[in-house]
Amino acid sequence: MNTSKINICRKLLYPVGWLYGIGTEVRNSLYEAGVLKSRSYKTAIITVGNITVGGTGKTPFVEYLIGILKDNYKIVELSRGYKRKTKGYLEAGTDANAMQIGDEPYQIFRKFPDIKVVVDANRCNAIETIENKYPDTDVFILDDAFQYRRVNSGRSILLIDYNKPITEDSILPYGDLRESAKGRYRADIVVMTKCPANMNAFATREVKKSLNLQAHQNLYFTTLKYSVPRRMSDGKLIELDKVQDVLLVTAIANQASLEEYVKSKVSNLHQFIYEDHHNYADGDVKDILSRLNAVSGENKIVLTTAKDESKLIGLDLPEELLEKLYVIDVEIEFLFSSKDDFDKKIIGYVEKNKRNSILFTK
């Protein structure tokens, strides 16, 4: 469906968005009034989420949090395991795969095998199960749970894509917002993601003015930093500027930043885009290989993301594809020398609120 048809459909659905918006407002009001109850727990809880549908960089941000906490604290990363083929509470184990626990949890589990990764649509059930089963847990990191108000989060982090300002957007399905932009005021910390690496002071002032955050809320600006691609089969690195043609294969919510980065490095970019969370099958492998063979020239590679790798790794990939298949990893980078301040706030919260802290007063 082309862009003009999508826009027409969205306009026709504006009344639906209006009703949906009323529903989310009523639900939030009931929580604020205490009619609906949020549960508090004995363990430190950090929530990471967004208001905009998809593509704000939650997984790299969760990985960042794990990176600054994992050496000193026992972490459980908890998500619902979106589009997994299983139900209920499930811990990632040595036999885990993307179909079992979801692509993003599996990506995190592969990168951080020493932490616990758990999936459960009922986060309350998962937290209670873990606190009983693993009483030495220091902190839960709840992925994509900003709207999950049944849990009282100790630190709520809201991610906003710099390129998709929430104050200029509308409620689903007319726009891309899961709830009113006013929801931003629930966050303890707001992080602008995917900012230009050379962002200037004027741009930050415009963002601050637009968001108009409250005095107790902290605002940070981050950008994406892409790694040197590694071959999926053996980890061999390749510099993108040494490659003539790249076939970019993605099944992520928003590949615009990655696309822009790759374009800045290579002469010819070809794309093969699947819907977000697409589960690759043997037929897709054949299609990818066919697309690769259709690219003229010998100096070419297939490039994909770590999220896609988590699903491709379970397939029987032919040698001719494995030879050309590379993965590009992404990290977040704080702008304006704000990393230390952010780290101190997160570590300080966990230290004071971990279950076994002498300062813990719940």
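Residues numbered from 1 in each chain as written. Predicted model: local features only at pLDDT ≥ 70, side-chain atom pairs only at ≥ 80, totals over all residues. Heavy atoms only, no water.

Draft legend 1. Representation of the overall build of the protein in the model. The secondary structure content of the protein amounts to twelve helices and 14 strands. Here the C-alpha radius of gyration of the protein, 21 Å, is about what a compact globule of 362 residues would show, namely 21 Å. Along the three orthogonal principal directions, the C-alpha set of the protein runs to about 65 × 45 × 40 Å. Intrachain contacts of the protein at a sequence separation of at least 6 include 77% that bridge at least 24 residues. (Helix = DSSP H or I, 4+ residues; strand = E, 2+ residues; numbered from the N terminus. Rg over C-alpha atoms; globule rule 2.2 N^0.38 Å. Contact = heavy atoms within 4.5 Å.)

Draft legend 2. Just the sheet that holds strand β9 (residues 230-231), in detail. Overall, mixed pairing links the five strands, which are arranged β9-β13-β12-β10-β11 in an open sheet. Across the chains shown, the open sheet's two edge strands, defined by having one partner strand only, are β9 and β11 (268-273). Pairing analysis gives four bridges linking strand β12 (residues 300-305) to strand β13 (residues 325-328), with the strands arranged parallel. Directly across from Val 302, in β13, lies its bridge partner Leu 325. (Pairing = 2+ DSSP bridges.)

Draft legend 3. Molecular detail of the nonpolar core. If you look at the biggest cluster of nonpolar residues, it comprises 36 residues, and the most contacted ones within it are Ile 46, Phe 61, Leu 65, Leu 69, Ile 157, Phe 342 and Ile 346. Broken down by element, this core gets its largest block of residues, seven residues, from helix α3 (residues 58-69). With residues up to four places along the chain from it excluded, the contact list for Leu 65 reads Ile 46, Val 48, Ile 141, Ile 157, Phe 342 and Ile 346. By size, the runner-up hydrophobic cluster in this structure holds 19 residues, among which are Phe 272, Ile 288, Leu 317 and Leu 325. (Core = buried A, V, L, I, M, F, W, Y, C linked by side-chain atoms within 4.5 Å. Buried < 20%, exposed > 50% of the residue type's maximum accessible area, 1.4 Å probe, protein only.)

Draft legend 4. Highlighting the side chain of Thr 304. With respect to the element layout, Thr 304 can be found in strand β12. Residue classification places Thr 304 among the buried positions, given a relative accessible area of 1%. A distance of 2.7 Å separates a polar side-chain atom of Thr 304 from the backbone oxygen of Val 249. In this view, Thr 304 contacts Val 249, Leu 312, Leu 325, Tyr 326, Val 327 and Ile 328; residues no more than four positions away in its chain are not counted. (Polar contact = N/O pair within 3.5 Å; in protein donor to acceptor, adjacent residues only side chain to side chain.)

Draft legend 5. Region of interest: the sheet that holds strand β2 (residues 75-79). Sheet architecture is open: nine strands sit in the order β3-β4-β2-β5-β1-β6-β7-β8-β14, paired in mixed fashion. For this open sheet the edge positions go to β3 (90-91) and β14 (330-334), each flanked by a neighbour on one side alone. Pairing of β2 with strand β5 (residues 139-143) involves four bridges; the strand directions are parallel. Following the sheet pairing, Glu 77 is matched in β5 by Ile 141.

Draft legend 6. Layout of the packing of aromatic side chains. Under the criterion given, the structure shown has eleven aromatic pairs. Ring centres of Phe 61 and Tyr 64 lie 6.4 Å apart, and the angle between their planes is 40 degrees; this geometry places the pair in the tilted category. One end of the pair is Phe 61 and the other is Tyr 64, both in helix α3 and three residues apart, which spans about a single turn. Tyr 64 carries the same exposure label as Phe 61, and that label is buried. Here the aromatic rings of Phe 221 and Phe 336 are separated by 5.9 Å at their centres, their planes lie at 85 degrees, and the arrangement is edge-to-face. Of this pair, Phe 221 sits in strand β8 (residues 218-226) while Phe 336 sits in the loop between β14 and α12 (339-353); the two residues are 115 residues apart in sequence, bridging distant segments of the chain. Overall, the relative accessible area of 5% leaves Phe 221 in the buried class. Given a relative accessible area of 46%, Phe 336 falls into the partly exposed group. (Phe/Tyr/Trp six-rings, centres within 6.5 Å; stacked < 30°, edge-to-face > 60°.)

Draft legend 7. Looking closely at the pattern of salt bridges. Per the stated rule, a full pass over the model turns up 25 salt bridges. Put simply, Asp 136 and Lys 74 hold a salt bridge, and the shortest N to O gap is 4.0 Å. One end of the pair, Asp 136, is in the loop between α6 (123-133) and β5; the other, Lys 74, is in the loop between α3 and β2, with 62 residues separating them in the sequence. Here Lys 164 makes a salt bridge to Asp 176, at a shortest N to O gap of 3.5 Å. Taken together, the residues span a long stretch of sequence, with Lys 164 in the loop between β6 (155-161) and β7 (189-193) and Asp 176 in the loop between β6 and β7 at a distance of twelve residues. (Salt bridge = Lys/Arg side-chain N within 4 Å of Asp/Glu carboxyl O.)

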